[in-house]
Structures are given as structure tokens and as C-alpha cells.
Amino acid sequence: MNAAAKTKPHASSKAVVLDAIRAAGTISRAGLVGATGFTGPTITAVVRKLIEEGLVVESGRAESTGGKRRILLRLDHSARYAVGVHLDHGGMVYVLTDLAGAVVTRMAKPGVGVEEPRAAVEAMAREISGLIDSAGVERHRVLGVGVVFADAEFPLSESLEQATGLPVVLDNDATAAALGEHWAGGFGGASAAAALYLGTRISAGLVINGITYRGPGRKAGDLAHVCVQADGPRCRCGARGCLDVLAGPAAVVAAARADLLVPMRRSREPSVTADFAALSRSARRGEPRALALLERSARYIAAAARTLSAIMDLQVLVLTGPGFSIAGSVYLPVIEKELPPEVDVRLSRLAATASAVGAAALVLESELVPLSLGARLPENLSSEAIH
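Because the structure is predicted, anything quoted here is derived from the model rather than measured.

Undergrad: For this particular structure, what's the right way to read the overall build of the chain?
TA: Within the chain, the secondary structure is distributed over 14 helices and 13 strands. Relative to its full complement of 387 residues, the chain shows a buried share of 49%. Here the contacts in the chain between residues at least 6 apart in sequence split such that 61% fall between residues at least 24 apart.

Undergrad: Would you take a moment to explain the sheet that holds strand 12 (residues 316–320) for this structure?
TA: Sheet strands line up and pair through hydrogen bonds in the backbone, either parallel or antiparallel. Strand order in the open sheet formed by five strands is 11-10-9-12-13, with mixed pairing between adjacent strands. Edge positions in the sheet fall to strand 11 (211–213) and strand 13 (344–347), since each of these pairs with one other strand and no more. The mean angle between the axes of side-by-side strands here comes to 25°, regardless of whether they run parallel or antiparallel. Relative to strand 13, strand 12 runs parallel, the two sharing four bridges. Note that in strand 13 the partner of valine 316 across the bridge is aspartate 344.

Undergrad: Explain the pairing of strand 5 (residues 92–98) here, please?
TA: The side chains of a regular strand alternate, residue by residue, between the two faces of the sheet. The buried fraction of strand 5 is high, at seven of seven residues. Bridge count between strand 4 (residues 81–86) and strand 5: six bridges; the pairing is antiparallel. Paired with valine 83 across the two strands is leucine 96, which belongs to strand 5. In this structure, strand 5 lies alongside strand 6 (residues 103–109), joined through six bridges in antiparallel fashion. Each residue of the ladder has a partner; that of tyrosine 94, found in strand 6, is methionine 107.

Undergrad: Just to check I follow, could you spell out the nonpolar core for this structure?
TA: Generally speaking, a soluble globular protein has its nonpolar side chains buried in company with each other. Grouped together as the largest cluster of nonpolar side chains are 40 residues, with contacts concentrated most on Val17, Ile21, Leu32, Leu50, Leu55, Val56 and Leu368. Broken down by secondary-structure element, the contributors of at least two residues to this core are helix 2 (13–24), helix 3 (29–36), helix 4 (40–52), strand 3 (71–75), strand 5, strand 7 (142–149), helix 7 (173–183) and helix 13 (354–368). For this core, the element with the most residues is helix 13, which contributes nine residues. Those residues in contact with valine 17 that sit more than four places away from it in its chain are Leu32, Phe38, Ile43, Val46, Val47 and Leu50. Core analysis: the second largest hydrophobic core is formed by 39 residues, Leu293, Ala298, Ile301 and Leu317 among them.

Undergrad: Just to check I follow, could you spell out helix 12 (residues 322–338) for this structure?
TA: For an α-helix, the turn length of 3.6 residues means that residues three or four places apart are oriented alike. The principal kink in helix 12, of about 90°, is found at glycine 328. When we look at burial in helix 12, the residues that qualify are Gly323, Phe324, Ala327, Gly328, Val330, Tyr331 and Ile335.

Undergrad: I keep staring at unusual backbone geometry and nothing clicks. Help me out?
TA: Excluding glycine, most residues fall at negative phi; most peptide bonds, likewise, are trans. Phi at asparagine 209 takes a positive value of approximately 50°, unusual for a residue other than glycine. Locating asparagine 209 in the fold gives a position in the loop between strand 10 (202–208) and strand 11. For asparagine 209, a relative accessible area of 24% gives the class partly exposed. Unlike most non-glycine residues, aspartate 313 shows phi in positive territory, near 55°. Mapping aspartate 313 onto the fold places it in the loop between helix 11 (288–312) and strand 12.

Undergrad: For this particular structure, what's the right way to read the pattern of salt bridges?
TA: Pairing between side chains becomes possible if they bear opposite charge and their charged atoms approach one another. All chains considered together, the criterion is met by 15 salt bridges. Here aspartate 19 makes a salt bridge to arginine 22, at a shortest N to O gap of 3.1 Å. Within this pair, aspartate 19 and its partner arginine 22 are both found in helix 2, separated by three residues, close to a single helical turn. The class for arginine 22 is buried, based on a relative accessible area of 11%. The partner of arginine 346 in a salt bridge is aspartate 344, and the shortest N-O contact between them spans 2.3 Å. With a relative accessible area of 27%, arginine 346 lands in the partly exposed category.

Undergrad: Teacher, can you tell me more about the sheet that holds strand 6 here?
TA: A sheet is described by the order of its strands in space; here five strands give the open sequence 6-5-4-7-8, paired in mixed fashion. The open sheet has two edge strands with one neighbour each: strand 6 and strand 8 (168–172). Direction aside, neighbouring strands of the sheet carry axes that sit 15° apart on average. Bridge analysis of strand 4 against strand 7 gives five bridges, and the strand direction is parallel. From the neighbouring strand, valine 85 faces strand 7, where its bridge partner is valine 147. On top of the sheet, helix 6 (residues 157–164) reaches strand 7 and strand 8; it is set at about 140° to strand 8, its chief contact. Sitting on the sheet, helix 13 touches strand 4, strand 5, strand 6, strand 7 and strand 8, and the angle it makes with strand 4 is about 135°.

Undergrad: Hey, could you run me through the packing of aromatic side chains in this one?
TA: Two measures describe an aromatic ring pair: the distance that separates the ring centres and the angle between the ring planes. Summed over the entire model, instances satisfying the criterion amount to one aromatic pair. The ring centre of tryptophan 183 lies 4.8 Å from the NZ or CZ of arginine 22, which sits over that ring.

Undergrad: Explain the side chain of histidine 86 here, please?
TA: Along the polypeptide, histidine 86 turns up in strand 4. Filtering out sequence-adjacent residues up to four positions away, histidine 86 remains in contact with Gly91, Met92, Val93, Val148, Phe149, Asp173, Tyr197, Ser355 and Ala356.

Undergrad: Please clarify how the pairing of strand 4 should be interpreted in this entry.
TA: Counted residue by residue, strand 4 has six buried out of six residues, so it is predominantly covered. Alternating residues of strand 4 divide into Tyr81, Val83 and Val85 and Ala82, Gly84 and His86, and every residue in both groups is buried.

Undergrad: Where do I start with the environment of methionine 107 in this structure?
TA: Here methionine 107 lies in strand 6. A relative accessible area of 21% means that methionine 107 is categorised as partly exposed. A C-alpha to C-alpha distance of 9.6 Å links methionine 107 and valine 85, two positions 22 residues apart in sequence. When residues no more than four places from it in sequence are discounted, the contact partners of methionine 107 are Met92, Val93, Tyr94, Glu127 and Leu131.

How each quantity is defined
- Residues numbered from 1 in each chain as written.
- Predicted model: local features only at pLDDT ≥ 70, side-chain atom pairs only at ≥ 80, totals over all residues.
- Heavy atoms only, no water.
- Helix = DSSP H or I, 4+ residues; strand = E, 2+ residues; numbered from the N terminus.
- Buried < 20%, exposed > 50% of the residue type's maximum accessible area, 1.4 Å probe, protein only.
- Contact = heavy atoms within 4.5 Å.
- Pairing = 2+ DSSP bridges.
- Axes fitted to C-alpha atoms, helices over the stretch in contact; angles between N-to-C directions.
- Core = buried A, V, L, I, M, F, W, Y, C linked by side-chain atoms within 4.5 Å.
- Bend = angle between axes of the 7 residues up to and from the residue.
- Salt bridge = Lys/Arg side-chain N within 4 Å of Asp/Glu carboxyl O.
- Phe/Tyr/Trp six-rings, centres within 6.5 Å; stacked < 30°, edge-to-face > 60°.
- Lys NZ or Arg CZ within 6 Å of the ring centre and 35° of its normal.

So, in C-alpha cells, the structure goes:
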């Protein structure tokens, strides 16, 4: 039995086994013994409970290795669902995911406005209810609602819980995006991975040994105020040369406006998203000035990513968020070139909806895999363990 299993209380054995099955896709009981370090009788008891709860089903048999073919287990993807919501000034994205984190249905709405808070919560509750109903999902199968935004201190939880009748979990967009990648398998078997998030700001979500790392002040991965130019321009935080003031979407759009690449607008924050998208489209078409602005931003972001990689000893870095969903083809080769070859740099398959999917994963994690900080998920699953 490994050290993690020895120190893990009995109540969490269900969480460890469930997450091992999720990570493997399909796995036998014997494979779970190897993956978790639990004894055979413990695995048998936990799997029986998971089957009784409808979370896990038996799914055929593994190929024969000379003896009796082992029965394979997998999650019942339709057993539970979760709602994820990403609030942003540039737009709101709602998703409903199944137990494996796959998107069942999604919906986009205009960005957060200046509505009175109660009216905004009521509107969100109506949209969440409509999302669930449109998928034909029974309400009792929905575990809860995850909500993410750049400022995770927005006072929303209790009022939205009352309005929806569902548990609500809050977090920031980058951390949620990282969790979404982990839950959906975007990090593979990496024990140290990060989601580099480009939205209205630049940040990173960290997943270490299967656990999202937030830091004691929940600010881990905030790259916006990492210094990438010692004598650079003054940032709103008071320091000089911060990544955000040199390479963030607002900085890129400001430079584009000064160069008359995008039109001036009165409404600042919502237009940053639209103007960054327009600039990115121009760059992808090969417009030299637009391409030069994005590549300059990419070089600064690459420098910050290199620092993050060195500190955290990253194996995988996934580029995600609405910014990279539009401009990832420009940023990816620049960042990939800057990082050491042992770091796998890739563009997320979920980039456009990463935070909303991650918000739903927050619910799945909190309800089904409630691991405390410092606990460990199973080690990387080998081909031998899976069967």
C-alpha cells in the first residue's frame, strides 16, 4: 500500500477510487488495487457501493492475459450532471456537463451588465433552469452549479443557491479552467500541470498530483503582476513592467487603437474583448501590424510561462481561455519555442468554454472527489494497472 493510501481516512476511499476510474476511462478491480494502493477487499467494498449508487457500471471484460478475463469498470456518465457558469464582462457562458465532464449542452449570453444584483441572480436562475430542461435532464441528477469569474469574491453563492435550489461553488476562472482540463483528461498523466489562461486578464491554474493548488490566499498562478520588464511601464498595482500592462488583452488593444488597427470605442472593458478578437482575426489573415502586436504579447507571456514552468517543474502547459481560443495559433509557437522541450505545450480543446466547463468540474470535484489540500490522487495509471 502506498503512503497516500495509508494516511487517507476511510471516508475518502470512495473519492480516490472514483477518481481513478474517471482518470482511467475503464479499469478492472485489480487495476484499481495497483492504481490506488488499497487492498483487494477495500476495492471490492468501495466498488460495490459505487455501483449501488449508480455512479459506476461494469463494462465488458478486458482482453485475456492467460487467465480469467477481468471485468472492467467505468463511470456511468449519465448518472450525475453539473452546471458551469462563467461570468465575464465580455460574455456569459453556461454549460451542462455529465459525470465525465463532457459538455451536454451550452448557452452564451451577453456579458455581466449593471443590473441590480437580485435581478441578475434571478435571470441566472432562469437560464440555468432552462439549460437543464433543454437537455431533458432530471433535476435530482444535477449535483450543483459552479460559477467562476476573475474576481471570486463576488457575493453570489447564497442568493443563487436560494434561487436555484442547488448547491453553488465559486472560484476564479484560471483555477476552474485548470480543473476542467484535469477532469476532461487534458493534462494526461502529468503530475505537475498548468492551464495558462488568457481572458480579460492573464493567469494560470495549477494542478499538482491531481489537486488544484490555489495557495493560502487563493492567488497562486496570478501571472498578471509578474515582472517581465524591470524598467517597464508603471502598472496599476504600483510596480513596473508587469505582464498585464505589457501583454494583456487591454494593453494589446490599446496599442492597436493607437496604431488605428481597431476603432476607438466609448465602452472600455466590453470592447477590449471584441477588439482583441478583431485584431486576432487580422493577425491570422497575415496583417503584419496586427501579427507584430500579438507576437510581442506572446513573447512577454512566454517569458512569464518559462518562469512558472521553472518554479513548478511543469510537465504540461495548456493554453486556454477565450483569448487563446481566438489567437492561440499565433501564441502557441512563440510560447512553445521559449519553454524547454520536456514541457508539453498545447492548445486546449476546450479553450472557448474552458472556465464554464471548469466551473462544472468544481461541482463534480466538491461533491464526488472532496479531497483536502495535501491529499494525493492515485499515481499515474500504467497500462498494467488499467487491466
